Amino acid sequence: MICCSIAARTKEHLLDEMSHIKFNASLVEVRMDSLMDAKPEDIKEIIAKKRKPVILACKGVEKKICLGLLKKGMEEGAEYIDLDLDYGEKTIKEFIKTKKDTKIIVSYHNNENVPENIQEIYEKIKKLKPDIIKIACTAVSLSDNIIILDLLKKSKADNIDMIAHCMGPKGQLSRILNVPFGSFLTYGYLNQPTAPGQISCDYLKKVYRVDRLKPGVNIYGLIGNPISASRSYIVHNLAFKEHELNAVYINVELKDLKELDLLKHLFSGLSVTMPFKESILTYLDHVDDRAAKIGAVNTVVIKQGKLFGYNTDWTAALDTIQEKIQIQDKNVVLIGAGGAAKAIAFGIWKKRGRLTIINRTEANGKKLASSLHVSLKKINEIDWEKVDLLINATPIGMAPRVHDSPVPRNVLRNMVVFDTIYNPLITKLLNDAERNRCPIVTGIKMFINQAAQQFEFWTRKKPDKELMEESVLQYVVDH
Ligand SMILES: NC(=O)c1ccc[n+]([C@@H]2O[C@H](COP(=O)([O-])OP(=O)(O)OC[C@H]3O[C@@H](n4cnc5c(N)ncnc54)[C@H](OP(=O)(O)O)[C@@H]3O)[C@@H](O)[C@H]2O)c1
């Protein structure tokens, strides 16, 4: 279940927000502590006007005021009230004794970390016999999410309803996975987060489909650092929805690859991005020959804790290019020698294109060129009249520096031009090429192809690539 948490400063604002919660949440949490000068009479109106079952919560302001409001909430028929463990055993027991139909949530919050004695805290709340135990702690590392998910497993075994998640940006994994791990609900927001790291109800429902995820969910995700710009979670979650799979895709920012140990018994597959595409090779149990030759892995399949690495960038780039031009015996100029360029260069080499590499740092360019026995040149050494295909595999032209291009417009004549960048969709390079009547290939096609091939590796099913492209285009346009 998704619970929409609202922290409004005025009653009018609160009632307005409550009226806007429609399909994306089944419950609403009203944070009474954020309401200025909240009075017990306000509770009556709030409960009378609610359209969804309500959780009343109040903490962080004077204890006496909070308890008065929560008591009134019980009298007026709030479905749930949330009592902080800090209110003390005596008070909590009193509430439990006098309640009628209201369910009591007893909660523990920690804004610093997941404390070492979290099990003891769980047991302490359990002894009070509330209807629901709630634990919300700030994650300082990925492992904190695992501790909280394990606690949910324990509550299942104890046959106790529990709400648990980690707060903060490092806790998002638990906010998505808690429901299939048995949490009674997960909190989201309508317009503004009410706690650090909270995800919008819209995203919880439409992108992650948390209310459709079941125990035994197959978990996939992107590992990298940073990863906030990646849109992979949009396309993969859409494809899971299309195939009605009990699966979810989550971005996981890793400090370093040692954290893979935590993921390999939880996840079924990974996408890999900067800066780990090359360094991950030493962590894998098996590497596909072609990925090994490229020296980079962007796809990991996980089976029984064993990691199998593949590269879908090179096939994705080839499929994309070959919609416009056959590569064999064509003169191809590739700008860049990083992760994307290595995969593309391998594909061009495999298809017997005549490849020339240009790169800012000569040593990096040399390394790539010599590994495939192709030539490395400077930009002013290229005979542009003979070029059939030009590929940009650098970030030159990527947002926000959208007015940059790796080559002057006048060299773009009678050639296919492919830019791996997909934000913006049409880079300056592609715009110049179009104006010079050169056929163009956009980075979005490669992005969708590499994601679609990852999806097939993981699920053995084909996703609808058009749908994937539409969703990501929508996202690029919206943001
Ligand atoms: N469409 C897709 O599916 C897809 C997939 C992967 C990547 N990409 C795109 O490909 C591009 C490169 O990504 P990557 O993963 O290969 O990155 P990377 O490994 O960091 O490599 C970056 C490359 O660009 C060069 N470079 C960076 N900044 C430059 C500048 N200001 N001037 C000249 N050269 C510069 C670097 O040259 P040095 O050797 O001198 O550092 C290096 O060759 C990005 O724009 C990314 O969005 C697209």
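Worth saying up front: this structure is predicted, and the values here are computed from it rather than measured. (Residues numbered from 1 in each chain as written. Predicted model: local features only at pLDDT ≥ 70, side-chain atom pairs only at ≥ 80, totals over all residues. Heavy atoms only, no water.)

**Q** Please clarify how the packing of helix 1 (residues 11-19) against helix 2 (residues 40-49) should be interpreted in this entry.
**A** How two helices sit against one another is set out by the angle between their axes and by the gap between those axes. With their axes 10 Å apart at the nearest point, helix 1 and helix 2 run at an angle of 15 degrees to one another. Between helix 1 and helix 2, the angle is such that the two are roughly parallel. The handedness of the crossing between helix 1 and helix 2 is right-handed. Residues K11, L14, L15 and M18 of helix 1 pack against D42, E45, I46 and K49 of helix 2. Taken together, the residues of the contact of helix 1 with helix 2 sort by class into four nonpolar, no polar and four charged. (Axes fitted to C-alpha atoms, helices over the stretch in contact; angles between N-to-C directions. Helix = DSSP H or I, 4+ residues; strand = E, 2+ residues; numbered from the N terminus. Parallel < 35°, antiparallel > 145°, perpendicular 65-115°, else oblique. Left-handed = near helix turned anticlockwise from the far one by under 90°. Contact = heavy atoms within 4.5 Å. Nonpolar A, V, L, I, M, F, W, Y, C, P; charged D, E, K, R; others polar.)

**Q** Would you mind going over the pairing of strand 20 (residues 416-419) with me for this structure?
**A** Here is the key point about a regular strand: its side chains alternate between the two faces of the sheet. Residues V416 and F418 point to one face of strand 20 and V417 and D419 to the other, with burial holding for every one of them. Where strand 19 (residues 389-392) and strand 20 come together, four bridges link them in parallel fashion. Residue L389 lies in a different strand from strand 20, and its bridge partner there is V416. Pairing geometry for strand 20 and strand 21 (residues 440-441), over two bridges, is parallel. Paired with F418 across the strands is V441, a residue of strand 21. Handedness of the crossover is the feature at issue here: the chain leaves strand 20, passes through helix 15 (residues 428-435), returns alongside strand 21, and the resulting connection is right-handed. (Buried < 20%, exposed > 50% of the residue type's maximum accessible area, 1.4 Å probe, protein only. Pairing = 2+ DSSP bridges. Right-handed = clockwise from strand over helix to strand, strands pointing away.)

**Q** Teacher, can you tell me more about the domain arrangement of the protein chain here?
**A** Frequently, the measure chosen for interface size is the accessible area removed from exposure when the parts meet. You can read the domains of the protein chain as domain 1 (2-208), domain 2 (224-312 + 466-478) and domain 3 (325-438). Just the C-alpha atoms count here: the centres of domain 1 and domain 2 sit 32 Å apart. Across the boundary between the two partners, domain 1 contributes 10 residues, which contact 14 residues of domain 2. Roughly 1100 Å² of surface becomes buried between domain 1 and domain 2 when both sides are summed, with 79% attributable to carbon and sulfur atoms. Along the contact surface separating domain 1 from domain 2 lie zero salt bridges. For the pair domain 1 and domain 2, the interface holds zero residue pairs in polar contact (both at pLDDT 80 or more). Where the side of domain 1 that touches domain 2 is concerned, the elements lending two or more residues are helix 6 (142-157), helix 7 (172-177) and helix 8 (201-207). Taken together, the residues of the side of domain 1 that touches domain 2 sort by class into nine nonpolar, one polar and no charged. (Domains from an automatic or database assignment. Buried area = accessible area lost by both parts, 1.4 Å probe. Salt bridge = Lys/Arg side-chain N within 4 Å of Asp/Glu carboxyl O. Polar contact = N/O pair within 3.5 Å; in protein donor to acceptor, adjacent residues only side chain to side chain.)

**Q** Explain the site of the ligand here, please?
**A** As a structural note, the neighbourhood of the ligand is formed by 22 residues, with A337, A340, N359, T361 and N364 the closest of them. In this structure, an oxygen atom belonging to the ligand sits 2.8 Å away from a side-chain N or O atom of N359. Look at the ligand: alone it shows 910 Å² of surface, and the protein chains cover 76% of it. Mapped by element, the contributors of at least two residues to the shell around the ligand are helix 13 (339-350) and helix 16 (443-459). At four residues, helix 16 tops the list of elements feeding residues into the shell around the ligand. In terms of residue class, the shell around the ligand is made up of 11 nonpolar, 10 polar and one charged. (Near = heavy atom within 4 Å. Areas by Shrake-Rupley, 256 points an atom, 1.4 Å probe, with all protein chains shown as cover.)

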